[in-house]
Amino acid sequence: VSALRWRAETIAVWTFYRAELARHGEPLALVVGPTTDGRWQARCGSPSRSTRELAEAGDYLTTEPTAARAKSCAAGWALGV
């Protein structure tokens, strides 16, 4: 899970985290961002899509209480852990 490098991106006033990898030989982007209720949501999709686009309309993975937990869950899913 720690093999992924998460890059922080500020969109408007919020910080989002993005990681890119290959899953089953296909390129994939993971995005973790804040929700309106203070939790963190993880989504995934094509790395050609913007972070904002993935955060709004990417394939839903999970909602967690912290960014660290959302990143860990997304990475575990992507890496098959």
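What you see is a predicted model; the values in this text were computed from it and never measured.

As for unusual backbone geometry
It is generally the case that most residues other than glycine have a negative phi and that most peptide bonds are trans. Phi is positive for Ala 12, which is not a glycine, with a value near 60 degrees. For Ala 12, a relative accessible area of 56% translates into the label exposed. One non-glycine residue, His 24, lies in positive phi territory at about 55 degrees. Following the sequence through the fold, His 24 ends up in the loop between β2 (14-23) and β3 (26-34).

Considerations on the layout of surface pockets
Within this model, the largest pocket holds a volume of roughly 300 Å³. Surrounding the largest pocket, 15 residues form its lining, Phe 16, Pro 34, Thr 35, Ala 55 and Glu 56 being those nearest its centre. In terms of residue class, the lining of the largest pocket is built from eight nonpolar, four polar and three charged.

A short note on the packing of aromatic side chains
As enumerated under the stated definition, the model contains one aromatic pair in all. Seen in terms of ring centroids, Tyr 17 and Trp 40 are 6.1 Å apart; in terms of plane orientation they differ by 45 degrees. Their pairing is tilted. Of this pair, Tyr 17 sits in strand β2 while Trp 40 sits in strand β4 (residues 40-45), and the two are 23 residues apart along the sequence. Residue classification places Trp 40 among the buried residues on the basis of a relative accessible area of 18%. The positively charged end of Arg 23 is found above the aromatic ring belonging to Trp 77, 3.9 Å away from the centroid. Over the ring of Tyr 17 we find Lys 71, and its NZ or CZ is 4.1 Å from the ring centre.

Cut-offs used in this document
- Residues numbered from 1 in each chain as written.
- Predicted model: local features only at pLDDT ≥ 70, side-chain atom pairs only at ≥ 80, totals over all residues.
- Heavy atoms only, no water.
- Buried < 20%, exposed > 50% of the residue type's maximum accessible area, 1.4 Å probe, protein only.
- Helix = DSSP H or I, 4+ residues; strand = E, 2+ residues; numbered from the N terminus.
- 1 Å grid on protein atoms, 1.4 Å probe; cavity = no way out; pocket = protein on both sides within 12 Å on 5 of 7 lines; lining within 4 Å.
- Points joined across faces, edges and corners; volume = space filled by probe spheres on them.
- Nonpolar A, V, L, I, M, F, W, Y, C, P; charged D, E, K, R; others polar.
- Phe/Tyr/Trp six-rings, centres within 6.5 Å; stacked < 30°, edge-to-face > 60°.
- Lys NZ or Arg CZ within 6 Å of the ring centre and 35° of its normal.

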